[in-house]
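Residue strings, one per chain:
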Amino acid sequence: MKVHVIGIGLIGGSMVLDIKSIHPDATIYGIDTNESHLAEAIALGVVDKAATFDDLSEADFVIVSVPVDVALTLLPKVLDAIGENTIVFEVGSTKTPICEAVTNHPRRRNFIATHPIAGTEFSGPSAAIKNLFQGKTNIICEVEKTTFKLQEKALELFKRMGMRIRYMDPKSHDKHIAYVSHLSHISSFMLGKTVIDKEKVEQDIFDMAGSGFESTVRLAKSSPAMWTPIFKQNKKQVVKTLEEYIANLTHFKELLEQDDYDAIFNEMQSVNKIKEILNGMKK
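In short, a report on the structure.

Re the pairing of strand 2 (residues 27-31)
Two faces, one strand: in a regular strand the side chains alternate between the faces of the sheet. Within strand 2, four of the five residues are buried, leaving the element largely enclosed by the surrounding structure. Sheet topology note: the strand 1 (residues 2-6)/strand 2 ladder contains five bridges and is parallel. Its bridge partner lying in strand 2, Lys-2 is registered against Thr-27. For the handedness criterion, the β-α-β arrangement of strand 1, helix 1 (residues 10-22) and strand 2 is classed as right-handed. Examined bridge by bridge, strand 2 and strand 3 (residues 49-50) share two bridges and lie parallel to one another. In the strand pairing of strand 3, Tyr-29 is matched with Lys-49.

Some words on the side chain of His-105
With respect to the helices and strands, His-105 occurs in the loop between helix 4 (96-102) and strand 6 (111-116). A polar contact is formed between the side chain of His-105 and the side chain of Asp-80, at a distance of 2.7 Å. Looking at His-105, its side chain comes within polar contact range of the main-chain nitrogen of Arg-107, at 3.0 Å.

Considerations on a nonpolar patch on the surface
On the surface, a cluster of nonpolar side chains totalling about 390 Å² of accessible area is made up of Phe-252, Leu-256, Tyr-261 and Met-268. Of all the secondary-structure elements, those providing two or more residues to the nonpolar patch are helix 9 (235-257) and helix 10 (261-271). Of note, Leu-256 is situated in helix 9. Residue Leu-256 is classed as partly exposed on the basis of its relative accessible area, which comes to 41%.

What to know about the packing of helix 6 (residues 170-199) against helix 9
Geometrically, a packed helix pair is captured by the angle between its two axes and the distance between the axes. The geometry of helix 6 relative to helix 9 is characterised by a closest axis approach of 9 Å and an angle of 60° between their N-to-C directions. The interaxial crossing formed by helix 6 with helix 9 has right-handed handedness. Between helix 6, through Asp-174, Lys-175, Ala-178, Tyr-179, His-182, Leu-183, Ile-186 and Ser-187, and helix 9, the contact on the second element is made entirely by Gln-237, Val-238, Lys-240, Thr-241, Leu-242, Glu-244 and Tyr-245. Its residues assigned to classes, the contact of helix 6 with helix 9 comprises seven nonpolar, four polar and four charged.

Considering a positive patch on the surface
A grouping of Lys-171, Lys-175, Lys-236 and Lys-240 is seen on the molecular surface, where their side chains present a positively charged patch. For Lys-240, the location among the structural elements is in helix 9.

A word on the side chain of Ser-14
The residue Ser-14 is located in helix 1 in this model. You can call Ser-14 buried: its relative accessible area is 0%. Not counting the four nearest positions on each side in its chain, Ser-14 is found in contact with Gly-9, Ala-127, Ala-128, Ile-129, Leu-132 and Phe-133.

Calculation rules
Residues numbered from 1 in each chain as written. Predicted model: local features only at pLDDT ≥ 70, side-chain atom pairs only at ≥ 80, totals over all residues. Heavy atoms only, no water. Buried < 20%, exposed > 50% of the residue type's maximum accessible area, 1.4 Å probe, protein only. Helix = DSSP H or I, 4+ residues; strand = E, 2+ residues; numbered from the N terminus. Pairing = 2+ DSSP bridges. Right-handed = clockwise from strand over helix to strand, strands pointing away. Polar contact = N/O pair within 3.5 Å; in protein donor to acceptor, adjacent residues only side chain to side chain. Patch = residues over 30% accessible without salt bridge, like charges linked within 9 Å, V, L, I, M, F, W, Y side chains within 5 Å. Areas by Shrake-Rupley, 256 points an atom, 1.4 Å probe, with all protein chains shown as cover. Salt bridge = Lys/Arg side-chain N within 4 Å of Asp/Glu carboxyl O. Axes fitted to C-alpha atoms, helices over the stretch in contact; angles between N-to-C directions. Left-handed = near helix turned anticlockwise from the far one by under 90°. Contact = heavy atoms within 4.5 Å. Nonpolar A, V, L, I, M, F, W, Y, C, P; charged D, E, K, R; others polar. Lys, Arg positive; Asp, Glu negative; His and termini not counted. Charge placed at Lys NZ, Arg CZ, Asp CG, Glu CD.

This is the structure we're talking about:
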């Protein structure tokens, strides 16, 4: 088996580590514009060899794991280069622009649009870890546009990685992910900004930061190079979620100003049911 990963970071790197565990005889080829990333990935054993686009015609799987703005122009070129039996999947956090970019490509049937909802705040080849996708959901969009035999090939691999499969149209994906992922990252970035701005005049503030702050601001360590294009591509949905979030923050502020602590208690109590939802997700 020949597997090519384009963009060797957390998601792409973790995927090929799992593929290597599932198929020990597989050869993992890496393509990355960052030569130091490629060298690091080889040194760490994430990939076996360097490759170029000229090698894609022999690939069984091609994983496109690059920033979503890069994927828009890169993905059609990948489809131009692959063989008849190659399956290509792109793993970014937006799906509508990606699907639109290849909708009329002659090899659209060789492409499967995916979003494995897994990750950490780290990036680069050293961030790749085995079993990252165990028990995680993989959103697949427009599966009907992928030829059936290649669908089966990809789905079997995803299931052996331990992923749950969920089918969704691209617009619904982008709407829902804006709430549960994109807004979370913005909240974390802006909380970090608020504290950093304040820390300039109050040096002791980080000495008082506990595990609650650390877990809430964890996502602020994520790569701006990856997240800025995501916010750009999903601008409409992200703006909508921000409007709703800001309205809730403003309402909470007003309750404080009004000394309405019964309402504040009720607000928080009503949100406590999220524990049940998250426990259900884990199960």
